[in-house]
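If you want the building blocks of each chain, they are given just below.
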Amino acid sequence: MKGYLFAILASLLMPAGFITNYIALQSINIASLTFYFFGFGLLGAVIALVITGKLDKSLLLFKRYWKPVAVLGLVNGITAVVWLFALKLTGPSSLGFLMRFATVFTVVIGVVYLKERFNRGEIFGAVMMIIGAFIMAFRGGEHLLVGAFLALFLSLVISLEQLFLKKYVKRLEPLVFNALRLLFTFLVVSVYVIVRSDLVIPPVDVMFIVFLGAILSAVVGFVFYFKALEISELSKVAAIQSFNPFVVFVYSLIFLGSVLTGLQLVGGVVIGLGAFFLVLARHRPKIVERLLPNF
């Protein structure tokens with residue numbers, strides 16, 4: 001139950017980054033946004049370590065695990081830039097649904113790694129998601145099409161990251177792990193900003209929005225997510241995360257007043273249901289078999 005609680009809290013907090021970053025992108029460029037977002041995230045993580053008295057411990061663990069966490073930080077830094085490009089092209093709601101393809105890639109990697117086979121329910125769920133993506137991208141324009149390809153790339157990277165995180169999250173406390181992740185991610189995006197020479201200072205209200213998004217999603221949300229991975233199965237966490245796009249959709253409706261078009265909404269719902277069905281079929285196949293007797 002603790003694992004479910006942490007996963008639910010993560011699913012409520014992490015999507016905040018979609019909304020706050022989309023708002024900030026209307027005022028500042030991607031390079032500046034990544035710098036401030038992860039800078040605030042790192043600051044918040046360090047303060048949390050100081051308050052909890054775990055700063056000294058994190059320095060010791062840094063010496064032992066700096067190589068794998070550095071790799072994670074490098075990947076996170078690159079994917080953060082790609083994610084913001086996709087967010088700018090598609091909007092938060094569409095990107096939230098399209099990135100649920102991480103569920104498909106997670107199952108595929110698990111099948112390859114464990115030498116298992118797809119069952120009928122998993123195939124059905126994957127087909128639903130593919131159909132939903134085509135519906136969402138239909139007449140969506142070039143921007144949405146490019147954003148969809150970027151979302152697929154991000155989904156693959158995230159699925160690989162999940163396996164990596166599950167391996168190391170039991171060795172590092174979630175609070176410490178997240179701080180080290182943010183440290184290396186911030187270093188990577190700082191190099192990107194230096195190369196681009198494109199750092200701007202946003203208005204105070206935009207700076208506050210970026211700060212709020214970083215604390216809610218990159219600090220508190222990720223700590224809850226790591227905690228859920230630490231004490232729960234990856235599959236159960238993935239099942240709850242299947243509902244993240246609907247959280248993003250509700251946030252978009254409340255804070256942005258944006259509503260998906262008819263086809264985009266239908267496609268998004270099909271993707272979300274397909275992702276949940278796929279996870280259910282992987283870990284509760286007998287239930288799905290009864291639902292799909294003739295498939």
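Residues numbered from 1 in each chain as written. Predicted model: local features only at pLDDT ≥ 70, side-chain atom pairs only at ≥ 80, totals over all residues. Heavy atoms only, no water.

### Some details on the overall build of the protein
Along the protein, the regular secondary structure elements total 14 helices and zero strands. Tracing the protein from N to C terminus, the helices and strands come up as α-α-α-α-α-α-α-α-α-α-α-α-α-α. Considering only contacts within the protein whose residues lie at least 6 apart along the sequence, 91% involve residues at least 24 apart. Summed over its atoms, the accessible surface of the protein is roughly 14300 Å², and 73% of this surface lies on carbon and sulfur atoms. (Helix = DSSP H or I, 4+ residues; strand = E, 2+ residues; numbered from the N terminus. Contact = heavy atoms within 4.5 Å. Areas by Shrake-Rupley, 256 points an atom, 1.4 Å probe, with all protein chains shown as cover.)

### Regarding the side chain of S217
Within the fold, S217 resides in helix α10 (residues 204–231). Each residue touching S217, except ones within four places of it in the same chain, is listed here: L13, M14, G17, F37 and F222.

### Structural notes on empty space enclosed by the protein
Sizing a probe to match a water molecule and rolling it over the atoms shows the empty space that remains. Taken as a whole and assessed by the stated rule, the structure comprises two cavities of 30 Å³ or more. Looking at the largest cavity, its volume works out to about 790 Å³. Surrounding the largest cavity, 35 residues form its lining, M14, W83, M99, I158 and F222 being those nearest its centre. The set of elements that each furnish at least two residues to the lining of the largest cavity consists of α2 (16–24), α3 (30–52), α4 (55–90), α8 (141–168), α9 (174–196), α10 and α12 (244–256). When its residues are assigned to classes, the lining of the largest cavity shows 21 nonpolar, eleven polar and three charged. (1 Å grid on protein atoms, 1.4 Å probe; cavity = no way out; pocket = protein on both sides within 12 Å on 5 of 7 lines; lining within 4 Å. Points joined across faces, edges and corners; volume = space filled by probe spheres on them. Nonpolar A, V, L, I, M, F, W, Y, C, P; charged D, E, K, R; others polar.)

The analysis is restricted to geometry; functional conclusions fall outside its scope.
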